[in-house]
There are 2 protein chains.
Amino acid sequence: MSETDWKSDLASLLDPRSIALIGASENSAWSRALAENLRELGYSGKLYPINPKRQEVFGLPCYPSVIDIPGPVDAFVIAISRDLILPVVQECARKEIRSGVIISAGFAEASEEGKAIQRRLVAIAVEAKMRVCGPNSFGVANLHRGVSLISSSEVRYLRPGGVSLVFQSGGLLNAALLAAWDRSWGINCAVSCGNEAVLNVADYADYLIRDENTRVLGILTEGFRDPEKFLRAAKRAAELRKPIIVLKLGRSEKGKHAAEAHTGTLVGADAVYSAVCKQHGLTRVADLDEFIEAVELFSKAKTLRGRRVGVIVPSGAECGLVADTAEDAGIELPELSGATVERLSSSKSDYLSIRNPLNAPERYVRRGEVFKHWIQALVDDDNLDVVGLRLPLPRRREDEDVIARFSDLAEIARRTEKLIVLFSRASISLPEYWRKLLAEHQIPFLLEYRRGFRALRALIDYERFLSRAREASDERGGALDREKSAGWLAAAGKLTERQGKEILAAYGIPVTREALARSEEDAAGLAKSLGYPVVLKVESTGIAHKTEAGGVKIDIRDEAALRRGYREMLRDVQAHRPQAVIAGVLVQEMIRHGKEMIVGMSRDAQFGPVIVVGIGGIFVEALRDVAMRVAPLTKGDALDMIGELKGYRLLEGMRGEPASDIDGLAEALCRFSRLAMDAPDEIRAIDVNPLVVFEKGRGVVALDCLMARKDPRED
Amino acid sequence: MSETDWKSDLASLLDPRSIALIGASENSAWSRALAENLRELGYSGKLYPINPKRQEVFGLPCYPSVIDIPGPVDAFVIAISRDLILPVVQECARKEIRSGVIISAGFAEASEEGKAIQRRLVAIAVEAKMRVCGPNSFGVANLHRGVSLISSSEVRYLRPGGVSLVFQSGGLLNAALLAAWDRSWGINCAVSCGNEAVLNVADYADYLIRDENTRVLGILTEGFRDPEKFLRAAKRAAELRKPIIVLKLGRSEKGKHAAEAHTGTLVGADAVYSAVCKQHGLTRVADLDEFIEAVELFSKAKTLRGRRVGVIVPSGAECGLVADTAEDAGIELPELSGATVERLSSSKSDYLSIRNPLNAPERYVRRGEVFKHWIQALVDDDNLDVVGLRLPLPRRREDEDVIARFSDLAEIARRTEKLIVLFSRASISLPEYWRKLLAEHQIPFLLEYRRGFRALRALIDYERFLSRAREASDERGGALDREKSAGWLAAAGKLTERQGKEILAAYGIPVTREALARSEEDAAGLAKSLGYPVVLKVESTGIAHKTEAGGVKIDIRDEAALRRGYREMLRDVQAHRPQAVIAGVLVQEMIRHGKEMIVGMSRDAQFGPVIVVGIGGIFVEALRDVAMRVAPLTKGDALDMIGELKGYRLLEGMRGEPASDIDGLAEALCRFSRLAMDAPDEIRAIDVNPLVVFEKGRGVVALDCLMARKDPRED
C-alpha cells in the first residue's frame, strides 16, 4: 500500500453509515439545515449531534465530544470558527473517524496565518489517514444514500441518478445543483472540494469513476494538483465509457489571478490543458452554460451510431437559424433520403418543401398521427443518426397536444437505437409543466440551438475519441533505441547541433548528412564526398544562435566558395564571440526542397513534456499557428495536431504544388515525443527548426536541432 | 412625391383609429383571440367585425362587407383562405382603407400558384396605395396604442416602451415576445413582415426609426429587399442614436436553402452583410440568445462613458469565470484604483483580496450597508465606466435581503451616470419574483456571463461607431478626378493592365512607371530612361493571365538581357496564343521592396461595389485572410479593414522589419473605393494584384491591374 492509497476509498466520506455533526444546535442555521436535509432525503445511518452545552439536539441525544460517541463513526462535518478547529479535528483523529468535511473558511485561501493552520490540519489528517474534504468546502452529498452534508436546501429537490459533480467552488456547485433541478438530472454524488488540503479533485474523480453509480462526471477546477492520478482516472473513465466534462477556470491572465487568490493552485498553461483534454477524451467546456448542456446531453444520450443530424422545427425561418448554428458547431445536416421524401410527400401540405431541417408548423403538431408519422420517417431515414426537434412551448397553460406529442416522442425514442433530442430556440425560462415532462421522459433537452449543437458536437467528438482509443490502445510505445541514445541524454548539457541530430537519428528521425571538419582541407574533402551544394555551420557549445554570430553559410556551390566561406566564417565568428571555443565547422548537405516545419518540446510543470508543431515562417511568427499535445503521442494525436494547423492547406498542396508527406511528419512527431519522454529533466526544451517535410512518401529531414537547459519561456 | 412615398407613412397600419376585422366570428379562434387582445390592451379606436352571415359579433354590430362600414377605416386584418382573398382585398381598396394585414398563407412562400395570386394582390395594393403587411404574416401590434392584430395571447402581458421589433418570421417574433415578457422590455411596435409582398423590412425600419416611441429597433431577416432604403434608415438611426440589432439568418449554405424556401428572398453573400453592419453601426447577432441580450442591454443602458468594466460576484471561483468570459469577449477588467482599494480595506474581511473582479460572498449581501458601500466604491472608481454584479438568487422563496440589495442598487444606478448591469452566471430559469424586480427597476439583466459580456462589447462597439461617425461625417467624397477617368470608364471593355493603371493613377493611386514599346529598339530606349532593372509584360487584350502565357519577365538587369527577353517573350506568347493580337510590350520599373497586398472590387447584387483587401500569397490563398467593406470607404473603414487581417502583425513590422505604410494603404483603399463607385456596371470586378505597400511614410504602388467584365465568382 503506497503512502496515499488510503485516499482511494472514499466510501466513509460519500457513503457514511454514521455522521458526527460537530457544533449542532437548534440556534445554528447551518446545522439545522444539514439535519433537515438528511431527514428529508431519508438518510438511514446514524446521526450524532456534538455540542458540550446540549443534552439533546434535533430530538437526538447530543454528545459533548466525538470521543463520547458510543460506537464507531464514519464521518464528521464541522463549520465552527477556524481558530477553534485544530483540537476538534485532533479529537476526530483520536476517535479514528475515517473521514470528514470542513466547511469553515479562513485557511490557505485567506492569509498566511490561515495557511499555517491548514498545514497543521493536513498533518493531523495524514497522520490519522483521515479523508478530509475542505476546508472552505460547501460540503458533499450522495443522493443514492440520502446523504447531504451540504446545507443548501437545493439538494432536497434532486433525485438520485448517474451524474457526479466535483467542484472546487461551492458557489458554482450550487449553480450546477440548480441546473440539475431545472433539467431533472439524476445525481449520484456532489462534492465541493474547497481548498483540497487533503483530498483533491483527482482523488474524488478516481473514486467516483470507479463508483458504479456514476455514469457521467462533471468537474469544475482551477487546476489539477495531482495530474498523474487524474489522468489515470480519465483513462479508466474512457475504458468504462464514462464521459468526463471539465470546466477549467483561469484561462485568462485575469482569471489566473482570481484563481490563485482563491485556492493558491498553480495554474498551468491553458493550451496544455486543452491538449490534455483532447488526448484523454475529456470534454472541455468554457462556461457554466456549456457545462450544463454537455452534462444534460451526455447523461441522457444513447451511444451515437453516427454524426448526421436531422431536425424538425415549427417555423420556416427557424430552419435558417438551425442551419446557421449547426454549421457554426461543425454539425452535418444531410439531405433526407429519397425514401423519406416520398414517405412524407403524401402527408405534407404542398406549401412546404421536404428537406432538412424540416419545417413542420404548429398546426401539424396538433395532428398527432401526422406528426408521429413525420418523426418516425426521420428516425427511419438511413441518412440520419440523430433526430432533433423543437416542440412549440406554450407558457401559461399546459398544452394537451404538446404533452401528447411529448409522450409520442418518448415512445418512439424507446423503440429506436438512434439518439433523439429536443431543442429550444432561446434561453427563455421554462414553464413548470415542461420540467415535469422532461423529468418523466428523460429525453435530452438542449437549451438554445447554438449550445445544443455544440454539445452534440462534443458527444460526436467523444465517440470518435473512444473508437480511436480502441484502435490505438497499444500504440504509445517507448524509445526506439533507448540504449543508443542514453549516453547522449545522460551527458545532456550544451549539446551541439550535431550531437542533437545524432540523438534525433537514434530515435529514427532522418537528419541531414554531415560531418565535422577541423580544417579547411578537411572541409573541402567532406564537401566533395557529400556533393555540392553544401552548408557550413560553426560548431561551438558557446554559440546557441549561429546565424547571428556569422556562423552559417548556405548554398556553397564549389570548392573555391567553400574555402572562402570557411575562412570568412572563422574570422567572423571569432570577431563576434572571441571567447567561444570553436570545435570545428559542420559540413552539411544542402536541402533545397520541401516545407519548413518547426517541431519542439517544452516542459509543463504539471503534465511534463509538451510537443509543439508549426509551419515555419510567418505562420508561427505572425499567427502563432502552432498545435500541441502532451508526450507520448499516438499517430492519431500527431495527425490531429497537424490537421489543427491553420496553414494545413499548405501541407495538402495548393496551386498545383504536390502534397507534403503528412504521414511521415506524423511519424516523426511520434518518434520525437518518445525522445522527449526519455530526455532527462535537465533538458528543458528542444527545438528542431526547421524540420523539412518532403513530398508525400518522401519523409522528412531535420536540418537543425537545439537542446537547451533552459526553456525560453522561463526568461 | 415618388412612386413609393406612400409607403413611408405607416400610421394607418401601426396606429389605426379604426380596424375592420374581416372574417370575424365567435366560432373563429383567430378572430376571437384578436378581439380579446384588443379589449385587454384597451384599444380605444373603432372595431368593425365583417361577416356576411352575422348581425353581431363580440357584442359589436357586424357588417357584410367593408363597403358597408359607415365611416372611413384605417386598417383591415384578414385570415380567410387564400383562394377567397383577392375580391375581399379589392373591396378594401374600393373602400379606400389605407392599410391592412394579411395573415393567410399559401402565397409566394408555397407554390407557383401562390406566387401568381400574390402578384395580383400586389397589383391591387400598389394601385390603391394600400400599405399591406404580409401575406403569411403573424400580424402587427402597437403597445402604446393598445393595438394588437396578432392573435397570440403573449401580447397582452407586455407593457408599452421603446423596443420595436420587425421580424420576417412570425414564429421567431413570438419567441422575442416571450423574451420581452421574461425580461420585461417595454415594447413599442411588433411587426411580422411575412412575405413582404408590399411593405418590406426597410419600410418598417424607416417608419419605426422616425417614430419617437422607438428607442431600439430589433430586426430578424433573411435578406434585405430594399437595401438602399434600409441603409438610409440606418443612417438616420445613427443620427438619432437609436441602435439597430440585426439577426440575419441564412449565413450557412444550408441556411440559404432554408431561407429561400421560406420567402424566396435572394440572400446575399454573408460576408457583405457583416461588412455593411460594421459600416453602418448595426449590431449584428448570430442567434436568438444574442439578440435577446443585445436588446436587453441596448434598451436599458445609459450612454457609455468608456469601456472599462468592474464586476462584483459572490464567489471566488466565479471571479475566474468572469475573467475568462470577459477576455473572450474582448472586455477590459482594469485593476481597481488605489483609492478604492483603501476605501474597501476598512470594511472587507482580511480573508478576501480586493481586486477586479471583486469577491463579495453572500454573507456580505446580507449586510446591507457594507454591500452598498462596496457598490458605491466601484461606481466612484475613476478606473471604471461600467459596474456589473451578480446577486445570489434564491429560487424558491422571496429573499428579503436580496430584494433590499436590488433596491439599493437601483437607487445607486439612478444617482450615477455610469452604467450598472446585473449578471446571472448561467441560463437557469428565473423565479417569478426576480422578474418583478427587473420590471420595477429596469436595470439591464444579462443572462450568463459570456453572452452578457458579448452584449457589453457590442454596446462599446456601437459607442465607438457613433463617435467615429461624428468625426468622419464629411469624409465619404466622390471621385478625385472623375472627368479624367470618365473616358476610360465609358470605354470599359477589356482594359489592358496599362489602361487600368492609368485609371488608378487618375484616382490618385500611385502606379509603376512604365511605357509601351512597339519594337525591341523602343523597349531598349524606354528601359534606359526608366533605369534598370526593369520588367517586361506583353500587352494584349486577348491575354488576361500574362504569366501563364509566357508574357512576363522580371528583373531584367541590362540591355542584353532586355533584348533577349523581348525576343523570347514575343516568341513564347505567339506560341501559346497564336490568335492574340499583341499591342506591344510594356516596359516597367522593377519594384524590389515592400509587401505585396491584393486589393479588389467585386459587385454584390444588393449592396453594389464591395472592396476587398488581403496580404498577398499564402495569407489570401491558404487562410482566405481578407477583409471587406462596401464602397465608398471612409479612412476609418479602410483602417478597420487592414486591422482585421489576421496577418496584420506583418504590416506592423516583425523581427526587426520596418512597419509598412498602413496609413498610405488606407488612403489608397479609399481612393480605390471611389473609383469602384464611379466604375460603370459593365466592370464586374477589379483586381490590383499586387499593390505594394512600402515602409511607413513611403506610400504604395500598384504593380498590376485587371478590370474584368465578369466577376470570377460568377463562374
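Asker: Describe in detail the relation of the copies chain A and chain B, supporting the description with residues and values.
Answerer: Between chain A and chain B, which share one sequence, the superposing operator has a rotation angle of 180° and an axial displacement of 0.0 Å; the RMSD is 0.1 Å. On this basis, the relationship between the two copies can be described by a two-fold rotation axis. Residue A:Ser429 of chain A places its C-alpha closer to the rotation axis than any other residue of that unit, at 2.1 Å. A symmetric contact is evident, with 100% of the interface residues of chain A recurring at the interface of chain B.

Asker: With reference to specific residues and values, describe the interface of chain A and chain B.
Answerer: It is common to give the size of an interface as the accessible area that goes away when the parts come together. Across the boundary between the two partners, chain A contributes 80 residues, which contact 80 residues of chain B. Carbon and sulfur atoms make up 54% of the surface buried where chain A meets chain B, a total of about 6600 Å² over both sides. At the boundary of chain A and chain B, one finds four salt bridges. For B:Arg451, the salt bridge is made with A:Asp289, and the minimal N-O distance between the two is 2.5 Å. Here chain A and chain B share 12 residue pairs in polar contact (both at pLDDT 80 or more) between them. Listed by contribution, the elements that provide at least two residues to the side of chain A that touches chain B are helix H5 (170-183), helix H8 (253-263), helix H10 (288-300), helix H11 (316-328), helix H17 (449-471), helix H22 (618-621) and helix H24 (648-652) of chain A. Broken down by element, the side of chain A that touches chain B gets its largest block of residues, 11 residues, from H11(A).

Asker: Account for helix H2 (residues 29-41) of chain A, with residues named and values stated.
Answerer: Each α-helix winds once per 3.6 residues, and so residues spaced three or four apart point in a common direction. Residues and elements named next belong to chain A. In a regular helix each residue adds 1.5 Å, so 13 residues correspond to 18 Å; H2 covers 18 Å between its end C-alpha atoms and thus fits that length. Within H2 the residues assigned to the buried category are Trp30, Ser31, Ala33, Leu34, Ala35, Asn37, Leu38 and Leu41. Where H2 is buried, its residues touch strand S1 (18-22), strand S2 (46-50), strand S5 (75-78) and strand S9 (147-148). One or two residues past the end of H2 sits Gly42, with phi positive at roughly 75°.

Asker: Could you give an account of the side chain of B:Ser299, naming the residues involved and the relevant values?
Answerer: Along the chain, B:Ser299 turns up in helix H10 (residues 288-300). In this view, B:Ser299 contacts B:Val163, B:Trp185, B:Arg215 and B:Val216; residues no more than four positions away in its chain are not counted.

Asker: An account of the packing of aromatic side chains is requested, with residue identities and associated values reported.
Answerer: Counted by the stated rule, this structure contains 24 aromatic pairs over all chains. Centroid distance B:Phe406 to B:Trp434: 5.2 Å. Interplanar angle 80°. Geometry classified as edge-to-face. Here the residue B:Phe406 occupies a position in helix H15 (residues 400-415), and B:Trp434 occupies one in helix H16 (residues 432-441), the gap between them amounting to 28 residues. Overall, B:Phe406 belongs to the buried group, its relative accessible area being 0%. Put simply, the rings of A:Phe224, A:Phe230, A:Tyr273 and A:Phe607 touch in pairs and so form one group of aromatic residues. Above the ring of A:Tyr273, the side-chain terminus of A:Lys248 is found at 4.5 Å from the ring centroid.

Asker: Talk me through the environment of A:Ala141; I want residue IDs and the actual numbers.
Answerer: All names here are of chain A. Looking at where Ala141 falls in the secondary structure, it is placed in strand S8 (residues 139-142). Exposure remark for Ala141: the relative accessible area of 2% places this residue in the buried category. Here Ala141 is in contact with Val147, Ser148, Ile150, Val155, Asn188, Cys189 and Ala190, once residues within four sequence places are set aside.

Asker: Which residues make up the sheet that holds strand S21 (residues 534-539) of chain B, and what values do they have?
Answerer: Residues and elements named next belong to chain B. Taken in spatial order, the four strands of this open sheet run S20-S23-S21-S22, and their pairing is antiparallel. With one partner strand each, in any of the chains shown, strand S20 (514-517) and strand S22 (552-556) form the two edges of the open sheet. For this sheet, the mean angle separating the axes of adjacent strands, direction not counted, is 20°. In this sheet, strand S23 (residues 584-589) lies alongside S21 in antiparallel orientation, the contact comprising six bridges. Counted as the bridge partner of Val535 is Gln588 from S23.

Asker: Explain the confidence of the model for chain A residue by residue, including any values.
Answerer: Residue and element names in this part refer to chain A. When pLDDT is averaged along chain A, the result is 89; 92% of the residues meet or exceed 70. When the criterion is pLDDT under 50, residues 257-268 qualifies, and its contacts beyond four places in sequence or with other chains add up to 29 contacts. In the predicted assembly, ipTM is 0.89 and pTM is 0.90.

Asker: Quick one: what's the story with unusual backbone geometry, residue by residue and with numbers?
Answerer: A cis geometry characterises the amide bond from A:Ala631 onward to A:Pro632, with omega recorded as 0°. With an omega dihedral of -5°, the bond running from B:Tyr532 to B:Pro533 counts as a cis peptide bond. Mapping B:Pro533 onto the fold places it in the loop between helix H20 (520-530) and S21. Phi angles above zero are rare outside glycine, and B:Glu96 is one such case at about 60°. One non-glycine residue, B:Arg241, lies in positive phi territory at about 60°. With respect to the element layout, B:Arg241 can be found in the loop between helix H7 (227-240) and strand S13 (244-248). Given a relative accessible area of 33%, B:Arg241 falls into the partly exposed group.

Asker: Provide a residue-level description of helix H6 (residues 201-210) of chain B, including the pertinent values.
Answerer: All names here are of chain B. Most of H6 is tucked away, with nine of its 10 residues classed as buried. Residues Val201, Ala202, Asp203, Tyr204, Ala205, Asp206, Tyr207, Leu208 and Ile209 constitute the buried set of H6. N-cap assignment for H6: the residue whose side-chain oxygen lies 2.9 Å from the backbone N of Ala202 is Asn200.

Asker: Can you tell me about the environment of A:Thr283, naming the residues and giving the values?
Answerer: Structurally, the position occupied by A:Thr283 is in strand S14 (residues 283-285). The contacts of A:Thr283, once residues within four sequence positions are left out, are A:Ile244, A:Ile245, A:Val246, A:Phe298 and A:Ala458.

Asker: Now, about the state of the cysteines: what can you tell me, with residues and values included?
Answerer: Considering all chains together, one arrives at zero disulfides over all chains under this definition. With no disulfide of its own, B:Cys133 lies closest to B:Cys193 among cysteine sulfurs, the gap being 6.5 Å. In this structure B:Cys319 is a free cysteine whose sulfur lies 18 Å from that of A:Cys193, the closest cysteine sulfur available.

Asker: Residues and numbers for the pairing of strand S5 (residues 75-78) of chain B, please.
Answerer: All names here are of chain B. Burial of S5 is two-sided: the residues Ala75 and Val77 facing one way and the residues Phe76 and Ile78 facing the other way are all buried. With four bridges joining them, strand S1 (residues 18-22) and S5 adopt parallel strand pairing. The residue of S5 that forms the bridge with Ala20 is Phe76. Here S5 pairs with strand S6 (residues 99-102) via four bridges, running parallel. When the bridges of S6 are listed, Ala75 appears paired with Ser99. Handedness of the crossover joining S5 and S6 through helix H3 (residues 85-94) is recorded here as right-handed.

Asker: Give a description of the packing of H20(B) against helix H21 (residues 559-576) of chain B that names residues and reports values.
Answerer: Residues and elements named next belong to chain B. Packing of H20 against H21 brings their axes to within 10 Å, and their N-to-C directions diverge by 140°. Between H20 and H21, the angle falls in the class oblique. Relative to H21, the crossing made by H20 is right-handed. Facing H20, whose interface residues are Glu520, Glu521, Ala523, Ala524 and Ala527, H21 presents Glu559, Leu562, Arg563, Tyr566 and Arg567. Within the contact of H20 with H21, the residues separate by chemical class into five nonpolar, no polar and five charged.

Asker: An account of the pairing of S1(A) is needed here, citing residue identities and associated values.
Answerer: Residues and elements named next belong to chain A. With respect to burial, S1 is a largely interior element, five of its five residues being buried. In terms of strand pairing, S1 meets S2 through five bridges, oriented parallel. Of the residues in S2, the one forming a bridge with Ala20 is Tyr48.

Cut-offs and rules
Residues numbered from 1 in each chain as written. Chains lettered and ligands numbered in written order. Predicted model: local features only at pLDDT ≥ 70, side-chain atom pairs only at ≥ 80, totals over all residues. Heavy atoms only, no water. Least-squares fit on C-alpha atoms with pLDDT ≥ 70 in both. Contact = heavy atoms within 4.5 Å. Buried area = accessible area lost by both parts, 1.4 Å probe. Salt bridge = Lys/Arg side-chain N within 4 Å of Asp/Glu carboxyl O. Polar contact = N/O pair within 3.5 Å; in protein donor to acceptor, adjacent residues only side chain to side chain. Helix = DSSP H or I, 4+ residues; strand = E, 2+ residues; numbered from the N terminus. Expected span 1.5 Å × (residues − 1). Buried < 20%, exposed > 50% of the residue type's maximum accessible area, 1.4 Å probe, protein only. Phe/Tyr/Trp six-rings, centres within 6.5 Å; stacked < 30°, edge-to-face > 60°. Lys NZ or Arg CZ within 6 Å of the ring centre and 35° of its normal. Pairing = 2+ DSSP bridges. Axes fitted to C-alpha atoms, helices over the stretch in contact; angles between N-to-C directions. pLDDT = per-residue confidence, 0-100. Disulfide = S-S within 2.5 Å. Right-handed = clockwise from strand over helix to strand, strands pointing away. Parallel < 35°, antiparallel > 145°, perpendicular 65-115°, else oblique. Left-handed = near helix turned anticlockwise from the far one by under 90°. Nonpolar A, V, L, I, M, F, W, Y, C, P; charged D, E, K, R; others polar.

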